[in-house]
Amino acid sequence: MDNNNLAKLLIDDFGGGSNIKEVINCMTRVRVKVRDDSKVNYENIKTHEGVMGVVEGDQIQVVLGPGKSEKVAKLMANLSNTKLSEELEESENKSYQSHETDRENLARRTKENKQAYKANQKQSGFKKFTAAIASIFVPLIPAFVGAGLIGGIASVLSNMLTAGSISGDNVTTLIQVLNIMKSGLYTYLNIFIGINAAKVFGANEGLGGVVGGMVYLAGMNPDMPINNIFLGTPLAAGQGGVIGVLLSVYLLAKIENALHKAIPDSLDIILVPMLSLLAVGLLTMFIIMPFAGLVSNALIGFINTVINMGGAVSGFILGALFLPMVMLGLHQILTPIHVAMIEQQGATYLLPILAMAGAGQVGAALAVLMKCRKNKQITTIAKGGLPVGFLGIGEPLIYALTLPMGKAFITACLGGGIGGAVVGLFGSIGATAIGPSGIALIPLIYEGRWLGYVAGLIAGYIGGFVLTYFFGIDEKYVNGAELDNSNRFEFK
C-alpha cells in the first residue's frame, strides 16, 4: 500500500479529518491527538498493510517504522488540514541529545521552547486569522527578497547614471533588464497573493489568481473608464491592493464552496467557476476595491503620521513591543500593511523600526556571553545564536536564551526600543522589501538612507547589551546554573 492511500485510510479510521486535533511525527510512529476517542476504529487501524502496531492513550500511536512514519504523518496533516508537529521518542531523544552537536542542541532547544510557549497560548479567532495571513505571505518572502535586491541594484545604477558616475548604452540596457526582473513580482503581485490566499482559504487557486488579476482592471478601456455605481467616480486600477485581494478571495472561497454544495456534479465544472467569478468580480470592482482602498489609505496614512510625528518616542514604543507581538502571533497582521506601503510609496517605513527588536536581542546575547562566560551551557547557546541573530534571524536567541532566562527578554526588548528610537529620530528610513532584518536589511534600505538604519542597529546592540548586563541576568546563571526547561517561561 502506498503512503497516500494509507494516510487516507488512517484519517477515516480516526473519525475523519474533523476529529483529528494534531498529527505528531516521531522517529518510528505517527502520534495522533483526537477530539472524540469513541470515533476511532482501533481494530481497523491494525489491519492495514504497513501498520506494525497501535498504542492507545492521550496520543494514539500508530507504529510504522522509520522513514515511513514521517511521510505518512505529513500526508495525514495535509489531507486533514491539521497541525503537524515533530517529536522524538523518549529513549531516542536521550540518545540523540547525548550525541548532538552544539548547533543541533541550539536548534532543538529553540524548537522545544517555541512549541512549549505556543502550546500555552489560547488559539483565538484573531490568532487563527493572523496564522492564515502568515501562510499567504511567507511563501512569497524569498521572492520579495530576491526582487527587492535586484530592484535595489537597478536603483543604485540608475542614480549613478544620473550623477554621471557611469555611462553607456550597456548600463542603460542592464538597468532595464534588472527592472524587468523586479517587475515580474511587483507588477503582478496581487495575482500571486490571490493564488496563495485561495490555497489558505479553501478556494480554487486558479480562480484566486483571476480574482487577484481583476484588481488591475486590465480589460477596461482607459479612454472610456467604468464608473463606480455607488460613488460615480471612475474605477481605479489597483485600488485596495493587497487588502482588497484578501477580502475578495475570502469571499470567493465562501461562494465557491456554497455553489459546490448546491449545483449537481454534472454541471459543477461549468457553472461553479463562472458564477463564482461573476459574483466575486462584481463585488470586487464596485464594492471591495473602493472600500479596501479607503481602509488601506487610512492605515498607511495613520502609520506614517505616527512615525513622522512621534519620532523617537514612536520608534521606541514600536521597537520595544514588536517581540511581544511576535510571541503572541500578532505581528502577522502587519505583513499586508508592509506590502501595501511598498506598493503605494515604494517602501515600508515601519519595517526598519521593527527590525530593531532583533538588534536588542543581539545586544542581550553579547551581555550574557560576557557576564556568564563561565557557564558553558549558556555561552554555547549564545555563541550559536549570535551569527544568525546579526543577520536578523532572532528565534534561536529568543526561544533558547533570553526568554528562558526571563528578565533578559525584557531588557532585550527595551534595547530594541532604543534602536527604534534612533531610527524614528532620523525619520524617513524605509525598506523596499519585507523578509530580512538585521544586517541583511541594509541593501534594501530605500533611497540610500542606510546610515540611519545602521545607527539604529548599533544603538539597539548597545542598549540591549547595557540593560541586560546590569539588570537582565540573574546571579545564578553567572554562577553556572543551567537553563531549566521546567521554568523556562517564568520571570524570576
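Here, every reference points to the structure presented above.
Notes on the structure follow. (Residues numbered from 1 in each chain as written. Predicted model: local features only at pLDDT ≥ 70, side-chain atom pairs only at ≥ 80, totals over all residues. Heavy atoms only, no water.)

What follows is about the overall build of the protein. On a plain count of helices and strands, the protein comes out with 20 helices and five strands. Within the protein, the fraction of its 492 residues that count as buried is 46%. Partitioning the intrachain contacts of the protein with sequence separation of at least 6 by distance along the chain shows that 73% fall at a separation of at least 24. For the protein, the accessible area works out to roughly 23700 Å², and carbon and sulfur atoms hold 62% of it. (Helix = DSSP H or I, 4+ residues; strand = E, 2+ residues; numbered from the N terminus. Buried < 20%, exposed > 50% of the residue type's maximum accessible area, 1.4 Å probe, protein only. Contact = heavy atoms within 4.5 Å. Areas by Shrake-Rupley, 256 points an atom, 1.4 Å probe, with all protein chains shown as cover.)

When you line up the elements, Ser276 lands in helix α12 (residues 265–328). The contact partners of Ser276, leaving out residues within four places of it in the chain, are Leu252, Ile255, Glu256, Leu259 and Gly281.

Now for the pattern of salt bridges. With the rule as written, the count across this model stands at five salt bridges. Glu43 is the salt-bridge partner of Lys46, the closest N and O atoms lying 3.6 Å from each other. Highlighted residues: Lys46 and Glu43, both in helix α2 (residues 42–47), separated by three residues, approximately one helical turn. For Glu43, a relative accessible area of 53% puts it in the exposed group. (Salt bridge = Lys/Arg side-chain N within 4 Å of Asp/Glu carboxyl O.)

Packing of helix α10 (residues 205–214) against helix α11 (residues 241–262) leaves a shortest axis separation of 10 Å and a crossing angle of 140°. The angle between α10 and α11 places the two elements in the oblique class. Considering how the two elements wind past one another, α10 and α11 form a crossing that is right-handed. In contact with Leu207, Gly208, Val211 and Gly212 of α10, α11 contributes Val245, Ser248, Val249, Leu252 and Glu256. (Axes fitted to C-alpha atoms, helices over the stretch in contact; angles between N-to-C directions. Parallel < 35°, antiparallel > 145°, perpendicular 65-115°, else oblique. Left-handed = near helix turned anticlockwise from the far one by under 90°.)

Let us look at the packing of helix α1 (residues 3–13) against helix α3 (residues 68–80). Describing two packed helices takes the angle between their axes plus the distance from one axis to the other. One way to put it is that α1 packs onto α3 with a least axis distance of 9 Å and a crossing angle of 60°. Comparing their axes, α3 and α1 come out oblique. When the axes of α1 and α3 are compared, the crossing they make is right-handed. On the side of α1, the interface is formed by Asn3, Asn4, Leu6, Ala7, Lys8, Leu10 and Ile11, while α3 contributes Lys68, Lys71, Val72, Leu75, Met76, Leu79 and Ser80. Tallied by class, residues from the contact of α1 with α3 come to eight nonpolar, three polar and three charged. (Nonpolar A, V, L, I, M, F, W, Y, C, P; charged D, E, K, R; others polar.)

The next point concerns the pairing of strand β2 (residues 29–34). With respect to burial, β2 is a largely interior element, five of its six residues being buried. In the sheet, strand β1 (residues 20–25) pairs with β2 via five bridges, with the strands oriented antiparallel. Bridge pairing links Val23 to Val32 in β2. Direction of pairing for β2 relative to strand β4 (residues 60–63): antiparallel, over a ladder of four bridges. Directly across from Val32, in β4, lies its bridge partner Ile60. (Pairing = 2+ DSSP bridges.)

A ring pair, where both rings are aromatic, is described by two values, the distance of the centres and the angle of the planes. According to the stated counting rule, one finds five aromatic pairs in the structure shown. Note on Phe201 and Tyr250: the rings are 5.4 Å apart at their centroids and 85° apart in plane angle, and the pair reads as edge-to-face. On the criterion of sequence distance, the pair formed by Phe201 in helix α9 (residues 189–201) and Tyr250 in helix α11 is long-range, its members being 49 residues apart. For Tyr250, a relative accessible area of 43% puts it in the partly exposed group. Lying over the aromatic face of Tyr469, Lys371 brings its terminal NZ or CZ to 5.0 Å of the ring centre. (Phe/Tyr/Trp six-rings, centres within 6.5 Å; stacked < 30°, edge-to-face > 60°. Lys NZ or Arg CZ within 6 Å of the ring centre and 35° of its normal.)

Here the focus is the environment of Leu10. For Leu10, the location among the structural elements is in helix α1. Note: C-alpha distance between Leu10 and Met76 (66 residues apart in sequence) is 7.8 Å. Ignoring any residue separated from it by four or fewer positions in sequence, one finds Leu10 in contact with Ile45, His48, Val62, Val72 and Met76.

On to α3. Taking 1.5 Å of rise per residue, 13 residues should cover 18 Å, and α3 covers 18 Å from first to last C-alpha, within 8% of that figure. For α3, the set of buried residues is Ser69, Val72, Ala73, Met76, Ala77 and Ser80. Viewed along the axis of α3, the buried residues span an arc of 135°, placing them on a single side of the element. Counted as exposed and oriented over 90 degrees from the buried face of α3: Lys71 and Asn78. One or two steps after α3, the chain reaches Asn81, where phi turns positive at roughly 55°. (Expected span 1.5 Å × (residues − 1). Arc of directions from axis to C-beta.)

We now examine the side chain of Glu256. Structurally, Glu256 can be placed in helix α11. Although Glu256 lies buried, it forms no salt bridge, and the closest oppositely charged side chain, Lys254, sits 12 Å away as judged by the N-O distance. Polar contacts involving the side chain of Glu256 include one to the main-chain amide nitrogen of Asn204, which spans 2.9 Å. If we ignore the near neighbours within four places in the chain, the residues touching Glu256 are Ala203, Asn204, Leu207, Val272 and Ser276. (Lys, Arg positive; Asp, Glu negative; His and termini not counted. Polar contact = N/O pair within 3.5 Å; in protein donor to acceptor, adjacent residues only side chain to side chain.)

If you check α11, its first and last C-alpha atoms are 32 Å apart, about what 22 residues at 1.5 Å a residue would give, namely 32 Å. Considered for burial, the residues of α11 that qualify are Gly241, Val242, Ile243, Gly244, Val245, Leu246, Ser248, Val249, Leu252, Ala253, Glu256 and Leu259.

Okay, unusual backbone geometry next. A positive phi is found at Leu217, a non-glycine position, where the angle reads about 50°. Looking at where Leu217 falls in the secondary structure, it is placed in the loop between α10 and α11. Despite not being glycine, Ser428 shows a phi value in the positive range, around 55°. Among the secondary structure elements, Ser428 is positioned in the loop between α18 (407–426) and α19 (450–471).

A separate point is the environment of Met224. Along the chain, Met224 falls in the loop between α10 and α11. Judged by its relative accessible area of 63%, Met224 falls in the exposed class. Sequence separation between Met224 and Pro234 is 10 residues, and the spatial gap between their C-alpha atoms is 9.2 Å.

Honestly, it's all geometry; don't read function into it.
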